[in-house]
Amino acid sequence: MDIFTNTVKAKYDLSDEIPDNKLKSFVWSLICAVVIMTVCSRSSFLYVFNLWDDANSYFTVGKCIFRGMVPYRDLFDQKGIMLYFIYGIASLISPVTFKGVFIMEIIAATAALLGILRIYQLFLEPSTFPYIITPITGAVIYSSRNFYWGGSAEEFLFPFVVWGLYLSARYFRKIYPKPMDYKTVLIGGILAGCVLNIKFNSLGLFFAWMMMVFIADIVGSRSVARAFISCLVFLGGMLLATLPWLLYFAVNGAVGDWLYVYIYKNVFEYSAKLTFAERVAKIYDILKNHFLNNILLYVLMVFGALYLLASTISTCVYEDPHTRYKRSRFFVELQVMELVNIGSQLFFLLLLIFIGGVSLPYYSFPTNVFVLFGFIPFCYIIEKFLKGKIEKHTHGRAYGGSILETSVAFGTSVVALVVGVIITVLTSINPKVMGLRAEDLWLYHFKDYIENTGIENPGIINEFGFDVGLYTVLNAKPICYYFQTQTLNMQEVLDYQKTYLHSGEADFVVSVNNPAEGIGDRYDLVMQERCVFYEYDETFYLYQRNDNPPDEG
């Protein structure tokens, strides 16, 4: 099967550039996504269960969407409705395992890798090196520590960030100074709207995206009116992406709950209260920590940034044609506006993610797309070398076709995919726990105990932690608004949960790392287990309601 060229061409054929086949690029991206995600995500079939409490929380809220409950109104959690809907679809595939989540992760990774391949095709000959380097790029991206365990909000918004970068890079590389057509602006707005409804702190890239379109309309097209119309079209795209969720909450009478929890609480309660100087210092410390925890990733990003800067200088410096030709063997042609566009998107993406002064290991994952610019220099220089070899056999005529024969390109790409697998195994933290079995985990011990009690539809409350996974493996439905202990207004959450404990409405209480509080004498400690594996050490307590009467008052 010829997946690297559309037509059979003779060696050193000098006809027009080989067009890329959409099916070919999709199939290759899908293959790479399946292979990489199988190793990197703990949702895959190689792992017994994804124990990440955040992912289980999203799973529980998403599952409840299809069971008549409304996020923010009936259940408290802080991420966007689109993320919960993704998890809800996954729960329809499998309500008690992460099989469905894994499928959704593959879809997201396929879309992201396809976008990355398209960005490579803007800078490299389309049919060869973009296919060779995409699996290696994907391996570096998804095996980084900021990918974490798999299933984060950042992972699911990543494809929208990638395609936003592609549309912008394509415009400034292929079309500018002509104006960006309104259709593309609208699509950019839709992508931004999707990010808004998953986790809005990654909207920084799209702020820069629209800012650059605005500037391009004024500088390139010299049309202030068009610049403002483009802004309105972009906002219209964001509205289109948000309208389904607005209608959903309106029908369920929960628009106020949605805005209060997702917007107000995240903006005004989640961010750290810092002075400007403290905030700058905090952002610096956060960025330093993310750099040190993802060294390969960020070294490549810095290298790519320096290369793009050098390429821009090389493009702008006037020299004789011979010198320029020699320099073009090392530096890709890059205009100033292209450099400013790419740089501003990375800067504002980082700024908005970390401006709140709060950070967790996976927060920086959306920035991983910029690692591709660190691979471009190697591919470009090798590509130019190979083209030079071909042109020697064609009497110096410029060659614009595929630089490798189909069989060689295919074989090299397969080797690159194998290299990608090696990278994931060696650098990802997740394969280190691949050997865990169900009998090794407290979760399944607790599950077996609860099932053996014979209690149907057990009511469970998580104390001192997020969703530990019992809702998932038991296919249980939360009994109260604060079904897990949140980090916002923690005392308020604990006091709320106590009302369900004092009344005995909860059948079981699961506490993480600390004995449960406020349970009185209505609950007995029935199980306690410590779970230790790679970079993980947690102790879990399971309490069961007894027959003692409810507390007075």
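Look up a bit, the structure's there.
Engineer: Before we move on, can you summarise empty space enclosed by the protein with the specific residues and values?
Structural biologist: Applying the stated criterion across every chain, the model contains two cavities of 30 Å³ or more. By volume, the largest cavity is sized at about 60 Å³. Broken down by class, the residue content of the lining of the largest cavity amounts to seven nonpolar, no polar and one charged. Taken as a whole, the second largest cavity encloses approximately 30 Å³ of empty space. Around the second largest cavity sit Phe-123, Ala-169, Phe-172, Arg-173, Glu-338, Asn-341 and Ile-342, which together line it. Broken down by secondary-structure element, the contributors of at least two residues to the lining of the second largest cavity are helix H6 (153–175) and helix H14 (336–354). Looking at the lining of the second largest cavity, its residues break down into four nonpolar, one polar and two charged.

Engineer: Describe helix H16 (residues 406–427), listing the residues and the values that go with them.
Structural biologist: With 22 residues, H16 should cover 32 Å at 1.5 Å per step; its first-to-last C-alpha distance of 31 Å lies within 8% of that length. Burial in H16 covers these residues: Ala-409, Ser-413, Ala-416, Leu-417, Gly-420, Ile-423 and Thr-424. Take H16 and look down its axis: the buried residues cluster within an arc of 115°, on one side only. Exposed and oriented more than 90 degrees from the buried face of H16 are Ser-407, Val-415 and Leu-426. Of the surrounding secondary structure, the elements contacted by the buried residues of H16 are helix H1 (22–40) and helix H5 (129–142).

Engineer: Quick one: what's the story with helix H9 (residues 224–251), residue by residue and with numbers?
Structural biologist: In this model, H9 (28 residues) spans 40 Å end to end at C-alpha, consistent with the 40 Å of a helix rising 1.5 Å per residue. The principal kink in H9, of about 40°, is found at Thr-242, preceding the proline Pro-244 by one to four residues. For H9, every residue scored as buried is listed here: Arg-226, Ala-227, Ser-230, Phe-234, Gly-237, Met-238, Ala-241, Thr-242, Trp-245 and Phe-249. Where the residues of H9 are buried, they touch helix H3 (81–93), helix H7 (182–196), helix H8 (204–219) and helix H10 (255–268). Note on H9: the residue one or two positions beyond its end, Gly-253, has a positive phi of about 60°.

Engineer: Describe the environment of Phe-123, with residues and values.
Structural biologist: Take Phe-123: it is sitting in helix H4 (residues 99–123). Owing to a relative accessible area of 6%, Phe-123 belongs among the buried residues under this scheme. Spatially, the C-alpha atoms of Phe-123 and Tyr-380 are 7.8 Å apart, while their sequence positions differ by 257 residues. Beyond its immediate chain neighbours, meaning those up to four positions away, Phe-123 contacts Arg-173, Val-332, Leu-334, Glu-338, Phe-373, Ile-376 and Tyr-380.

Engineer: Which residues make up the sheet that holds strand S3 (residues 523–533), and what values go with them?
Structural biologist: In space, the four strands of this open sheet follow the order S1-S2-S4-S3, with mixed pairing throughout. Bordering the open sheet on either side are strand S1 (460–463) and S3, each of which pairs with just one other strand. Recorded for the sheet is a direction-independent mean angle of 20° between the axes of neighbouring strands. Of the strands in this sheet, S1, strand S2 (508–512) and S3 are in contact with helix H19 (residues 490–502), which crosses S1 at around 145°.

Engineer: How would you explain the nonpolar core if you had to name every residue and give the values?
Structural biologist: Residues Tyr-142 and Leu-470 are the most contacted members of the largest nonpolar core, which totals 153 residues. The leading source of residues in this core is H4, at 14 residues. Not counting residues up to four positions away in its chain, the partners in contact with Leu-470 are Leu-443, Phe-446, Lys-447, Ile-450, Ile-460, Asn-475 and Val-510. The next biggest cluster of nonpolar side chains, apart from the first, holds eleven residues, and it includes Cys-480, Val-509, Ala-516 and Tyr-523.

Engineer: So, the packing of aromatic side chains: which residues are in play, and what are the values?
Structural biologist: Counted by the stated rule, this structure contains 52 aromatic pairs. Plain terms: the ring middles of Phe-45 and Phe-102 are 6.2 Å apart, the flat faces sit at 80° to each other, and that makes the pair edge-to-face. Note that Phe-45 is positioned in the loop between H1 and helix H2 (53–65) and Phe-102 in helix H4, a separation of 57 residues in sequence. Arranged with centres 5.3 Å apart and planes meeting at 50°, the rings of Phe-76 and Tyr-482 form a pair that is tilted. In this pair, Phe-76 sits in the loop between H2 and H3 while Tyr-482 sits in the loop between helix H18 (470–473) and H19, placing the two residues 406 residues apart along the sequence. Overall, Tyr-482 belongs to the buried group, its relative accessible area being 8%. In this arrangement the basic side chain of Lys-432 is found over the ring face of Tyr-534, its NZ or CZ atom lying 5.3 Å from the centre.

Engineer: Which residues make up the side chain of Thr-312, and what values go with them?
Structural biologist: When you line up the elements, Thr-312 lands in helix H12 (residues 295–316). Under the relative-accessibility criterion, Thr-312 is labelled buried at 5%. Sequence-distant contacts of Thr-312, defined by excluding residues within four places in its chain, comprise Leu-334, Gln-335, Val-336 and Leu-339.

Engineer: Outline the packing of helix H11 (residues 276–293) against H12, listing residues and values.
Structural biologist: The N-to-C vectors of H11 and H12 enclose an angle of 110°; their axes lie 5 Å apart at closest approach. Put simply, H11 runs roughly perpendicular to H12. Contact residues: His-290, Phe-291, Leu-292 and Asn-293 in H11; Ile-295, Tyr-298, Val-299 and Val-302 in H12. Class assignment of the residues belonging to the contact of H11 with H12 gives a composition of six nonpolar, two polar and no charged.

Engineer: Lay out the packing of H1 against H5 with the relevant residues and their values.
Structural biologist: It is at 10 Å that the axes of H1 and H5 come closest, and there the two elements cross at 30°. With respect to each other, H1 and H5 are oriented roughly parallel. Between H1 and H5 lies a crossing of right-handed hand. In this structure, H1 uses Lys-24, Ser-25, Trp-28, Cys-32, Ile-36, Met-37 and Cys-40 to contact H5, whose residues at the interface are Tyr-131, Pro-135, Gly-138, Ala-139 and Tyr-142.

Conventions we followed
- Residues numbered from 1 in each chain as written.
- Predicted model: local features only at pLDDT ≥ 70, side-chain atom pairs only at ≥ 80, totals over all residues.
- Heavy atoms only, no water.
- 1 Å grid on protein atoms, 1.4 Å probe; cavity = no way out; pocket = protein on both sides within 12 Å on 5 of 7 lines; lining within 4 Å.
- Points joined across faces, edges and corners; volume = space filled by probe spheres on them.
- Nonpolar A, V, L, I, M, F, W, Y, C, P; charged D, E, K, R; others polar.
- Helix = DSSP H or I, 4+ residues; strand = E, 2+ residues; numbered from the N terminus.
- Expected span 1.5 Å × (residues − 1).
- Buried < 20%, exposed > 50% of the residue type's maximum accessible area, 1.4 Å probe, protein only.
- Arc of directions from axis to C-beta.
- Contact = heavy atoms within 4.5 Å.
- Bend = angle between axes of the 7 residues up to and from the residue.
- Pairing = 2+ DSSP bridges.
- Axes fitted to C-alpha atoms, helices over the stretch in contact; angles between N-to-C directions.
- Core = buried A, V, L, I, M, F, W, Y, C linked by side-chain atoms within 4.5 Å.
- Phe/Tyr/Trp six-rings, centres within 6.5 Å; stacked < 30°, edge-to-face > 60°.
- Lys NZ or Arg CZ within 6 Å of the ring centre and 35° of its normal.
- Parallel < 35°, antiparallel > 145°, perpendicular 65-115°, else oblique.
- Left-handed = near helix turned anticlockwise from the far one by under 90°.

Treat this as a map of the structure, not an account of what it does.
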